[in-house]
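Examination of the molecular architecture
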Amino acid sequence: MVAGEVKSLANQTAKATEEISAQIGTIQTATRSVVTAIDDISSTITGINETATTIASAVEEQGAATREIARNVQQAASGAQEVVSRVQGMQKMAGETGKGASQVEEAASDLLMQSDELTRQMDRFISGIRAG
């Protein structure tokens, strides 16, 4: 009877050992899968980090280009404003020149009328001297 119980316990122990071995194998397989998944996740995170760095660099370059464009636009606007100011100055000067030309024309017309009047008076004077 003791020998039968020992034999039964030995069989149960062997069976339990096999079950434990099978469970250990399952755990080892699962652990390998987890390690592989962690490696894949790590590689993905590394790739995302590299991409994020590349994007950040591109955004910084784009920002610098945008700032340069804004600076050039500001310079062009300043240049355009200076041109407008100069054109306005030229228009003012042209208006003043036109006004001066009108005044000269008016003075010349007055002078011509005075010259005509003086010529008539001289003709009368000379006629008076000849008649007299």
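Shown above is the structure to which this text applies.
Because the structure is predicted, anything quoted here is derived from the model rather than measured.

**What about the overall build of the protein chain?**
From N to C terminus, the protein chain includes one helix and zero strands. Compactness check: the protein chain gives a C-alpha radius of gyration of 56 Å against a globular reference of 14 Å for 132 residues, more than 25% above the reference. With respect to the principal axes defined by its C-alpha atoms, the protein chain has extents near 190 × 15 × 10 Å. Of the roughly 11,400 Å² of accessible surface on the protein chain, a fraction of 62% belongs to carbon and sulfur atoms. On the protein chain, the mean spot of the 11 positive side-chain charges and the mean spot of the 17 negative ones are 6 Å from each other.

**Regarding a nonpolar patch on the surface**
On the surface, a cluster of nonpolar side chains totalling about 510 Å² of accessible area is made up of Leu118, Met122, Phe125, Ile126 and Ile129. Relative to the assigned elements, Ile126 resides in helix 1 (residues 2-131). Owing to a relative accessible area of 35%, Ile126 belongs among the partly exposed residues under this scheme.

**Examining the pattern of salt bridges**
One pass over the full model with this rule turns up five salt bridges. A salt bridge links Arg67 to Glu60; the shortest N-O distance between them is 3.4 Å. Residue classification places Glu60 among the partly exposed positions, given a relative accessible area of 49%. Overlapping salt bridges, with partners in common, bring together Glu117, Arg120 and Arg124 in one network.

The rules we used
- Residues numbered from 1 in each chain as written.
- Predicted model: local features only at pLDDT ≥ 70, side-chain atom pairs only at ≥ 80, totals over all residues.
- Heavy atoms only, no water.
- Helix = DSSP H or I, 4+ residues; strand = E, 2+ residues; numbered from the N terminus.
- Rg over C-alpha atoms; globule rule 2.2 N^0.38 Å.
- Areas by Shrake-Rupley, 256 points an atom, 1.4 Å probe, with all protein chains shown as cover.
- Lys, Arg positive; Asp, Glu negative; His and termini not counted.
- Charge placed at Lys NZ, Arg CZ, Asp CG, Glu CD.
- Patch = residues over 30% accessible without salt bridge, like charges linked within 9 Å, V, L, I, M, F, W, Y side chains within 5 Å.
- Salt bridge = Lys/Arg side-chain N within 4 Å of Asp/Glu carboxyl O.
- Buried < 20%, exposed > 50% of the residue type's maximum accessible area, 1.4 Å probe, protein only.

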